Amino acid sequence: MIHSHNDYWRDVPLYTALANGVHSIEADVWLNPKDQKLYVGHNYISLTRARSFMHLYVDQLVKILEDTNVRDEEYDFFNETDYVSPENIVESRRPWEPFFDEAPSTIQLVVDLKTRGDFTYYALFKELEPLRERGWLTRWDGTKLVQGPVTVVMTGNGFNHDVRAIVPTREVVDLFMDAPLLSLDETWTGVDGKTYGWNATTNAPMASAGYSSVTSWTGREPISSEEMAALKAVFSHAQAPPIHQYLNTVGMHTSILSLTALAIATSSVGASPLLPRQAAAPVANATAMPAANATSTPAYTLFTLPYGTAGLVPYISNQTNVLHLGLLAGAAAGLNTIGAALAAELSTPAYSDLTKLYSYAQTLSTVTGALQTHELYFAGLCPPAMGGGNFSMASPSFAAQVTMDFGGYEGMITALNTETLSVPGSGWGWLVWDTKTDSLDTTYTIDDDLLDPTLLPILNIDIWEHAFFLDTGNNHTEYLANLEHIYNWSFASAAFANITSTSFAPASANATMPAPAPMATNTTSTNTTMTNTTMSMA
């Protein structure tokens, strides 16, 4: 198969490739957050309004296929039956006419997602609707592969942790992924909590890798027998059915490796929880502990919502909370597995693999921070029946501080929403206590960035897509307006009292809510990779 790499550089994108019999065409796409449309270019400097993905590729594919696949009464008169030749060969009716004269074949449209994976995925899904509604996209319908004239394969950010957690969970998959050729045995957890892996039929018809990562042969001299054997091994593995793997993602990365990660691995995590806990889960490899810690490895137990997953309806749907907690459950399970693995590695007398040690410890640190950050988020919400959205539930001292620093409730909400909407992509909005100025303030963190240690969290807002997309789409403003109805000001007051050492008893309407413990300032959210093991949460 010939591939038109960076096809948009051709004199006439798409048409030049098709005119030369090319079956694979690639376009790099960028999601513009201003209009939520995809634009084509090698880098953002080259983007123009005229070079939209819809105009250059979707509209043109629809036009070509409509011209080829005419549907009118006269056409249907001749196309409604099968024909048998004198040799008893049946030429069956085809569901669609291909781009070329050969037997029905699909062209592969490779879309390189350059911007945030899940946001761009949803935009791409929407822009392909003209092809989808005509039945022209190859799809996996849950039981079989139905070939269409166009097979869409996402690469770049199109197979990152956020996207791969979504794709295989769909009832019908028509946006496929480019599998990592050298990691075809990965596994991951989908947004439905199930485990998935690379499969050439159901989610990844293509696998690729950087040339230099596979071989050092330059082509300038005869290939050695060793290089040939290595290449054959890679291709044989890729072609062996099925391409099968899974990956448990946890979306986050931290720039700081804390030695407290070791303590997390060998001591109870979340000893002072903000929310009730689930039943303790077993820890993988719990017996492989250092002699000094011969007792069982403590397991992190994920929090539960005291108001239930449907308790925030209609402001946050039951579906969104179920999805959210499912991702966090995968992170919690991964935390326990990696904690035990780290403990086992440290039990080796002559331990020398510092890269693996660093990777384990880093993941423990970041995942723990992410779980705490999410626990603060959910603790900071409650149904209106429990006082949610009612600022009169705030303590007098907290309310007075809000008036002093923001001019009142409306000023605080405006400042918090402004900061949150300033996040370029995904991240977190924060209501914090600034220890430098001894005042309340608002801020935001981008993606996986850490919260400044001089800022102590009181309330936070998850502005990652998984927190709101099912309810409000990409309408961030509507999501923030919904949150105003369910903010737990009793909890925020207790957090404020904890930080500033003022006394405050939580209001009776929310008396079951535990008083807040000091929160780590590690603000993590999604997307962590780790040597050998990766975990996923959003």
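Computed from a predicted structure; not experimentally measured. (Residues numbered from 1 in each chain as written. Predicted model: local features only at pLDDT ≥ 70, side-chain atom pairs only at ≥ 80, totals over all residues. Heavy atoms only, no water.)

1. Let's talk about the overall build of the protein chain
Part 1 of the argument: Tallying secondary structure elements over the protein chain gives 16 helices and 17 strands in all.
Part 2 of the argument: When the 538 residues of the protein chain are sorted by exposure, 51% land in the buried category.
Part 3 of the argument: Taking the contacts inside the protein chain whose residues are at least 6 apart along the sequence as the reference set, 69% of them involve residues at least 24 apart.
Part 4 of the argument: For the protein chain, the accessible area works out to roughly 24,200 Å², and carbon and sulfur atoms hold 56% of it. (Helix = DSSP H or I, 4+ residues; strand = E, 2+ residues; numbered from the N terminus. Buried < 20%, exposed > 50% of the residue type's maximum accessible area, 1.4 Å probe, protein only. Contact = heavy atoms within 4.5 Å. Areas by Shrake-Rupley, 256 points an atom, 1.4 Å probe, with all protein chains shown as cover.)

2. A word on the pairing of strand β10 (residues 175-180)
Part 1 of the argument: With 6 of its 6 residues buried, β10 lies for the most part within the structure.
Part 2 of the argument: Pairing of strand β9 (residues 150-156) with β10 involves 3 bridges; the strand directions are parallel. Note on β10: the bridge partner recorded for Met154 is Met177. (Pairing = 2+ DSSP bridges.)

3. Some points on the packing of helix α13 (residues 409-421) against helix α15 (residues 476-483)
Part 1 of the argument: One way to put it is that α13 packs onto α15 with a least axis distance of 11 Å and a crossing angle of 145 degrees. When the axes of α13 and α15 are compared, the crossing they make is right-handed. Here α13 contributes Asn417, Thr420 and Leu421 to the contact with α15, which in turn contributes His476, Thr477 and Leu480.
Part 2 of the argument: Residues of the contact of α13 with α15, tallied by class, amount to 2 nonpolar, 4 polar and no charged. (Axes fitted to C-alpha atoms, helices over the stretch in contact; angles between N-to-C directions. Left-handed = near helix turned anticlockwise from the far one by under 90°. Nonpolar A, V, L, I, M, F, W, Y, C, P; charged D, E, K, R; others polar.)

4. With respect to the environment of Glu227
Part 1 of the argument: Looking at the secondary structure, you find Glu227 in helix α8 (residues 225-239).
Part 2 of the argument: Among the residues examined, Glu227 registers a relative accessible area of 17% and is labelled buried.
Part 3 of the argument: Counting along the chain gives 13 residues from Glu227 to Val214, while the straight-line C-alpha distance between them is 9.2 Å.

5. Observations concerning a positive patch on the surface
Part 1 of the argument: Together, Lys34, Lys37, Arg49 and Lys126 make up a region of like positive charge exposed at the surface.
Part 2 of the argument: Relative to the helices and strands, Lys37 resides in strand β3 (residues 37-40).
Part 3 of the argument: A residue is classified by how much of its surface remains accessible, and Lys37, at 46% relative accessible area, is partly exposed. (Patch = residues over 30% accessible without salt bridge, like charges linked within 9 Å, V, L, I, M, F, W, Y side chains within 5 Å. Salt bridge = Lys/Arg side-chain N within 4 Å of Asp/Glu carboxyl O. Lys, Arg positive; Asp, Glu negative; His and termini not counted. Charge placed at Lys NZ, Arg CZ, Asp CG, Glu CD.)

6. What to know about the layout of surface pockets
One simple way to see leftover space: roll a probe sized like a water molecule over the atoms.
Part 1 of the argument: Roughly 750 Å³ of internal volume is contained in the largest pocket.
Part 2 of the argument: Lining the largest pocket are 32 residues, with Leu31, Asn32, Pro33, Gln36 and Gly425 positioned closest to its centre.
Part 3 of the argument: When residues of the lining of the largest pocket are traced back to their parent elements, those giving at least two are β2 (24-32), α4 (117-127), α13 and α15.
Part 4 of the argument: Partitioned by chemical class, the residues of the lining of the largest pocket number 11 nonpolar, 16 polar and 5 charged. (1 Å grid on protein atoms, 1.4 Å probe; cavity = no way out; pocket = protein on both sides within 12 Å on 5 of 7 lines; lining within 4 Å. Points joined across faces, edges and corners; volume = space filled by probe spheres on them.)

7. Some points on the confidence of the model for the protein chain
Part 1 of the argument: Per-chain confidence: the protein chain averages 75 in pLDDT, with 68% of residues scoring 70 or above.
Part 2 of the argument: Overall, residues 280-297 carries pLDDT values under 50, and its contacts beyond four positions in sequence, including any with other chains, amount to 25 contacts.
Part 3 of the argument: Across residues 502-538, where pLDDT falls below 50, the model places 153 contacts with residues more than four positions away in sequence or in other chains. (pLDDT = per-residue confidence, 0-100.)

8. Observations concerning the environment of Asn321
Part 1 of the argument: Relative to the helices and strands, Asn321 is located in helix α10 (residues 318-346).
Part 2 of the argument: Judged by relative accessible area, which is 1%, Asn321 ranks as buried.
Part 3 of the argument: Taking the C-alpha atoms as reference points, Asn321 and Phe468, separated by 147 residues in sequence, lie 9.5 Å from one another.
Part 4 of the argument: Those residues in contact with Asn321, other than ones at most four positions away along the chain, are Leu305, Thr309, Leu312, Ile316 and Phe378.
Part 5 of the argument: Of the polar contacts made by the side chain of Asn321, one reaches the backbone oxygen of Thr309; its length is 3.0 Å. (Polar contact = N/O pair within 3.5 Å; in protein donor to acceptor, adjacent residues only side chain to side chain.)

9. What about the side chain of Gln401?
Part 1 of the argument: Tracing the sequence through the fold places Gln401 in helix α12 (residues 396-406).
Part 2 of the argument: We classify Gln401 as buried; its relative accessible area is 13%.
Part 3 of the argument: Among the polar contacts made by the side chain of Gln401, one reaches the side chain of Asp405 at a distance of 2.8 Å.
Part 4 of the argument: Aside from chain neighbours lying at most four places away, what touches Gln401 is Trp433, Asp438, Ser439, Leu440 and Phe496.

10. Quick look at the pattern of salt bridges
Part 1 of the argument: Evaluated as defined, the whole model comprises 11 salt bridges.
Part 2 of the argument: Across the salt bridge formed by Glu186 and Arg164, the nearest N and O atoms sit 3.2 Å from each other. With Glu186 in strand β11 (residues 186-189) and Arg164 in helix α6 (residues 161-166), this pair connects stretches of sequence that are 22 residues apart.
Part 3 of the argument: Exposure remark for Arg164: the relative accessible area of 4% places this residue in the buried category.
Part 4 of the argument: It is possible to trace a salt-bridge network through shared partners that takes in Glu66, Glu133 and Arg134.

11. What to know about unusual backbone geometry
Part 1 of the argument: Omega for the bond connecting Val313 with Pro314 falls within 30 degrees of zero, at 10 degrees, which places this linkage in the cis form.
Part 2 of the argument: Along the chain, Pro314 turns up in the loop between α9 (260-266) and α10.
Part 3 of the argument: In this structure, Asn6 takes a positive phi of about 50 degrees despite not being glycine.
Part 4 of the argument: Assignment of secondary structure puts Asn6 in the loop between β1 (3-4) and α1 (15-19).

12. Describing helix α16 (residues 489-500)
Part 1 of the argument: The first and last C-alpha atoms of α16 sit 16 Å apart over 12 residues, in line with the 16 Å expected at 1.5 Å per residue.
Part 2 of the argument: Of all 12 residues in α16, 9 are buried; the element is thus mostly enclosed.
Part 3 of the argument: Every buried residue of α16 is listed here: Trp489, Ser490, Phe491, Ala492, Ser493, Ala494, Ala495, Phe496 and Ala497.
Part 4 of the argument: The opening residue of α16, the one whose side-chain oxygen lies 3.3 Å from the backbone nitrogen of Ser490, is Asn488. (Expected span 1.5 Å × (residues − 1).)

13. Brief notes about helix α2 (residues 53-68)
Part 1 of the argument: With 16 residues, α2 should cover 22 Å at 1.5 Å per step; its first-to-last C-alpha distance of 22 Å lies within 8% of that length.
Part 2 of the argument: Approximately 25 degrees is the largest bend angle found in α2, and it occurs at Asp59.
Part 3 of the argument: Listed in full, the buried residues belonging to α2 are Phe53, Leu56, Tyr57, Val58, Gln60, Leu61, Val62, Ile64 and Leu65. (Bend = angle between axes of the 7 residues up to and from the residue.)

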